[in-house]
Amino acid sequence: MSTSDKPEVVERGTKDEKHKDDDKEEGEKGGFIEKVKDFIHDIGEKIEGAIGFGKPSADVKAIHIPKINLHQADLVVDVLVKNPNPVPIPLIDINYLVESDGRKLVSGLIPDAGTIHAHGEETVKVPVTLIYDDIKQTYDDIQPGSIIPYRLKVDLIVDVPILGRLTLPLEKTGEIPIPYKPDIDLEKIHFDKFSFEETVATLHLKLENKNDFDLGLNTLDYEVWLGDVSIGAAELTKSAKIEKSGISYIDIPVTFRPKDFGSALWDMIRGKGTGYTMKGKINVDTPFGKMDLPISKEGGTTRLKKKKEDRDYDDDDDDDDEVC
């Protein structure tokens, strides 16, 4: 037999042995992939733990009312934002809404509100302005002088690496007043010293507080006219408390020259009466902060009368202010 005719001998394993080899190979591949997955997971956790990526937190620390008067109330909301991440995060938008009993009072958007430093915290100030005329036109049942409840809702939108864009919702409730200016009347004028060249007198004023909260009077800035002539303008510093829906009396000294009044003074002396006007403002403390409130009285009438124990009473005199 020639060499070429010699049969070739090929070694083959059994079928079972082949399957065992295939399973072993698959097992080795599967084990490798699982090890890679575990490795990546471990590395991810270690990286995340090392660099500290996480969700920022926010909390309303305080609400201030830096300005309040008859026209508007300015609120400033202090929001403390904490950033646990190793990189600064942008504060993309701030959405806010103020409502009372489920009714919207004001809403707004503050874009590009700043950046929170890495591993830091920032107090973000959110300014909100309530315009009373807008509120009264929308809700006619909200009366001047009242106190209304409010609910403040703030959404802070931040952009955090890995975590993406997040919304941090906040809520705070409180009360806000709808101020009403006090009523003022000149009850009487008491002459301490009378002469046509110089007269010293005391104005007895009545202040009525029509608000549902107390007023602590700090200063009174006023000017008084008898007829068309001013008899005094000054700023009086006098502490007094005017309770809610209450009345307080204040004495104000004035000095003037009666001869400047012409016929107005003689009308007052003869009992005909003369008109008076008062205008000014008061600065008061309230549970909501300091307020400057206007005071005014036009169309009042003043005349010279006898003292109460000596005079005859009549219906017409009951509505007039007394000059002693």
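Here, the structure is the one placed above.
Please read these numbers as outputs of a predicted model, since none were measured by experiment. (Residues numbered from 1 in each chain as written. Predicted model: local features only at pLDDT ≥ 70, side-chain atom pairs only at ≥ 80, totals over all residues. Heavy atoms only, no water.)

Caption draft 1: Spotlight on the overall build of the protein chain. Counting its secondary structure elements, the protein chain contains three helices and 15 strands. Buried positions account for 37% of the 324 residues belonging to the protein chain. Looking at the protein chain alone, contacts between residues at least 24 apart form 66% of all its contacts between residues at least 6 apart. Carbon and sulfur atoms form 48% of the exposed surface of the protein chain, whose accessible area is close to 19300 Å². (Helix = DSSP H or I, 4+ residues; strand = E, 2+ residues; numbered from the N terminus. Buried < 20%, exposed > 50% of the residue type's maximum accessible area, 1.4 Å probe, protein only. Contact = heavy atoms within 4.5 Å. Areas by Shrake-Rupley, 256 points an atom, 1.4 Å probe, with all protein chains shown as cover.)

Caption draft 2: Seen up close, the environment of glycine 227. Within the secondary structure, glycine 227 sits in the loop between strand S10 (215-226) and strand S11 (229-242). Distance in space between the C-alpha atoms of glycine 227 and glycine 275 is 5.2 Å, their sequence separation being 48 residues.

Caption draft 3: Inspection of the pairing of strand S8 (residues 183-193) at higher detail. As defined by bridge partners, S8 adjoins strand S9 (residues 199-208) across nine bridges and the pair is classed as antiparallel. Among the inter-strand pairings, aspartate 183 is bridged to a residue of S9, identified as glutamate 208. From the end of S8 to the start of S9, which pair antiparallel, there are five residues. (Pairing = 2+ DSSP bridges.)

Caption draft 4: Structural detail: the pattern of salt bridges. In total, this model carries 10 salt bridges according to the counting rule given. Lysine 153 is paired through a salt bridge with glutamate 99; the nearest N and O atoms lie 3.7 Å apart. Placement of lysine 153 in strand S6 (residues 147-160) and of glutamate 99 in strand S3 (residues 89-100) is noted, with a sequence separation of 54 residues between them. Between arginine 151 and glutamate 171 there is a salt bridge; the shortest N-O distance is 2.9 Å. Of this pair, arginine 151 sits in strand S6 while glutamate 171 sits in strand S7 (residues 164-177); the two residues are 20 residues apart in sequence, bridging distant segments of the chain. (Salt bridge = Lys/Arg side-chain N within 4 Å of Asp/Glu carboxyl O.)

Caption draft 5: Representation of the packing of aromatic side chains in the model. Inspection of every chain in the model, using the stated rule, returns one aromatic pair. Between the aromatic rings of phenylalanine 213 and phenylalanine 288, the centroid separation amounts to 5.6 Å while the plane-to-plane angle is 85 degrees, which identifies the pairing as edge-to-face. Taken as a pair, phenylalanine 213 in the loop between S9 and S10 and phenylalanine 288 in the loop between strand S13 (274-286) and strand S14 (289-304) lie far apart in primary sequence, 75 residues in all. Each member of the pair, phenylalanine 213 as well as phenylalanine 288, is classed as buried. (Phe/Tyr/Trp six-rings, centres within 6.5 Å; stacked < 30°, edge-to-face > 60°.)

Caption draft 6: Molecular detail of the side chain of asparagine 85. In this structure, asparagine 85 sits in the loop between strand S2 (72-83) and S3. The class for asparagine 85 is buried, based on a relative accessible area of 0%. Among the polar contacts made by the side chain of asparagine 85, one reaches the main-chain amide nitrogen of glycine 54 at a distance of 2.6 Å. (Polar contact = N/O pair within 3.5 Å; in protein donor to acceptor, adjacent residues only side chain to side chain.)

Caption draft 7: The sheet that holds S7, seen in detail. Strand order in this open sheet of four strands is S4-S3-S6-S7, and the pairing throughout is antiparallel. Looking at which strands have only one partner, the edges of the open sheet turn out to be strand S4 (103-116) and S7. Taking each pair of neighbouring strands and ignoring which way they run, the sheet shows an average axis angle of 15 degrees. Direction of pairing for S6 relative to S7: antiparallel, over a ladder of 14 bridges. For isoleucine 157, the partnering residue across the bridge sits in S7 and is threonine 167. (Axes fitted to C-alpha atoms, helices over the stretch in contact; angles between N-to-C directions.)

Caption draft 8: A look at unusual backbone geometry. Phi at isoleucine 162 is positive, roughly 70 degrees, even though this residue is not glycine. Position of isoleucine 162 among the secondary structure elements: in the loop between S6 and S7. Even without being a glycine, serine 245 presents a positive backbone phi close to 55 degrees. Turning to its location among the elements, serine 245 is positioned in the loop between S11 and strand S12 (247-256). Note on serine 245: relative accessible area 57%, which makes it exposed.

Caption draft 9: Spatial organisation of the sheet that holds strand S5 (residues 120-131). If you trace the three strands from one edge of the open sheet to the other, you get S1-S2-S5, paired in antiparallel fashion. With one partner strand each, in any of the chains shown, strand S1 (57-68) and S5 form the two edges of the open sheet. If you compare each strand with its neighbour and ignore which way they point, the axes differ by 20 degrees on average.

Caption draft 10: View of the nonpolar core. Counting residues in hydrophobic clusters, the biggest one holds 68 residues, and the most contacted among them are Leu156 and Leu203. Counting the residues that make up this core, at least three belong to each of domain 1 (54-178) and domain 2 (183-302). The residues contacting leucine 156, other than those within four sequence positions of it, are Ala58, Val79, Val81, Leu91, Asp93, Ile94, Leu166, Thr167, Leu168 and Leu170. (Core = buried A, V, L, I, M, F, W, Y, C linked by side-chain atoms within 4.5 Å. Domains from an automatic or database assignment.)

Caption draft 11: View of the pairing of S1. Judged from the nine bridges that link them, S1 and S2 form a sheet pairing that is antiparallel. Residue pairing in the sheet places alanine 58 in a bridge with valine 81 of S2. What sits between S1 and S2 in their antiparallel hairpin is a turn of three residues.

Caption draft 12: How the structure looks around the environment of leucine 205. Of note, leucine 205 is situated in strand S9. Excluding its chain neighbours within four sequence positions, the residues that come into contact with leucine 205 are Ile184, Asp185, Leu186, Leu220, Ser248, Tyr249, Ile250, Ile252 and Met278.

Any link to function would need more than the numbers given here.
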